[in-house]
Amino acid sequence: MTRKVVVLTAGLSQPSSTRLLADQIAGAVDAEVSARGEAIDIQTYELREYAVDLATMMATAGMPTARLDELRRAVSAADGLVVVSPVFAASYSGVFKMFFDALDADALSGMPVIIAATAGTPRHSLVLDHALRPLLSHLRAVVMPTGVFAATEDFGGGADGRELGNRVARAAAELAAHLVSTDGDAVAGFTPTRAGRDSGVDVPAEVTPFMTLLGGHSG
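The structure presented is a predicted model; accordingly, all values stated were derived computationally and were not measured.

**Q** Give me the pattern of salt bridges: which residues, what numbers.
**A** All chains considered together, the criterion is met by 14 salt bridges. The closest approach of N and O atoms between R67 and D53, which form a salt bridge, is 2.7 Å. Of this pair, R67 sits in helix α3 (residues 66–76) while D53 sits in helix α2 (residues 51–59), and the two are 14 residues apart along the sequence. Under the relative-accessibility criterion, R67 is labelled partly exposed at 37%. In this structure D53 comes out as buried when scored by relative accessible area, which is 11%. Ionic pairing is found between R133 and D129, a salt bridge with its closest N-O pair at 2.8 Å. Of the two residues, R133 and D129 both sit in helix α5 (residues 127–138), four residues apart, roughly one turn of that helix. R133 gets classed as buried once you look at its relative accessible area, which sits at 19%. Assessed through its relative accessible area of 44%, D129 is described here as partly exposed.

What follows is the structure, given as structure tokens:
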């Protein structure tokens, strides 16, 4: 079975360090899935090429262009997702947010996702947990534990480059485990239920009243 992975990169320049990181992650995911004996099809999209389409959708009461709708369908039909954004004003870029605003509410429900970001300085690394992770979690995606942040110095080789490579490999292994695992061999509690793109959060149907837990005591 061929696993389909979509890579979304929101870099605005060309060449782009954001695209460079996206390609590095895609290559690692390819290697990890292939090592598990499965075929993989990876499609990469530059969101800057859809900026006009996104603006048109926002200005026409939510009617996507045919080109944008094709991308939306590709994303919702994917088995996994890699998203990479440059840091703008301590958050993701505008075109990055516009695309996720353009998705249907359930498009990413239960989908495993690697989040990644690039910036000129390591001081912006918290953008992963303060911006990207909350956004993808809100859309009920299953965000991989390892996020990948790359500052300019991480692309220069040496110790920084090796550490980036380690983070990329770890995130790729986490995504591959979700993509390849099946009901028969998955580790209990690690792989989310994919039917209907569930959020992966198992909340009990019945909750014990708080006063019962207190044993009926008050004050």
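**Q** Tell me what's going on with the pairing of strand β2 (residues 39–46), and back it up with residues and numbers.
**A** Here strand β1 (residues 2–9) runs beside β2; their pairing, made up of eight bridges, is parallel. Bridging across to β2, R3 finds its partner in I40. Assessed by its sense of winding, the connection that carries the chain from β1 through helix α1 (residues 17–35) to β2 is right-handed.

**Q** Describe in detail the environment of D154, supporting the description with residues and values.
**A** With respect to the element layout, D154 can be found in the loop between β6 (148–151) and α6 (158–180). On the basis of relative accessible area, D154 is assigned to the buried category, the value being 10%. Separated by ten residues in sequence, D154 and L164 have C-alpha atoms that sit 6.3 Å apart. Not counting residues within four places of it along the chain, the set of residues in contact with D154 comprises F149, D160, G161, L164 and R167. In terms of polar contacts, D154 uses its side chain to reach the backbone amide nitrogen of A151, at 2.7 Å.

Cut-offs and rules
- Residues numbered from 1 in each chain as written.
- Predicted model: local features only at pLDDT ≥ 70, side-chain atom pairs only at ≥ 80, totals over all residues.
- Heavy atoms only, no water.
- Salt bridge = Lys/Arg side-chain N within 4 Å of Asp/Glu carboxyl O.
- Helix = DSSP H or I, 4+ residues; strand = E, 2+ residues; numbered from the N terminus.
- Buried < 20%, exposed > 50% of the residue type's maximum accessible area, 1.4 Å probe, protein only.
- Pairing = 2+ DSSP bridges.
- Right-handed = clockwise from strand over helix to strand, strands pointing away.
- Contact = heavy atoms within 4.5 Å.
- Polar contact = N/O pair within 3.5 Å; in protein donor to acceptor, adjacent residues only side chain to side chain.

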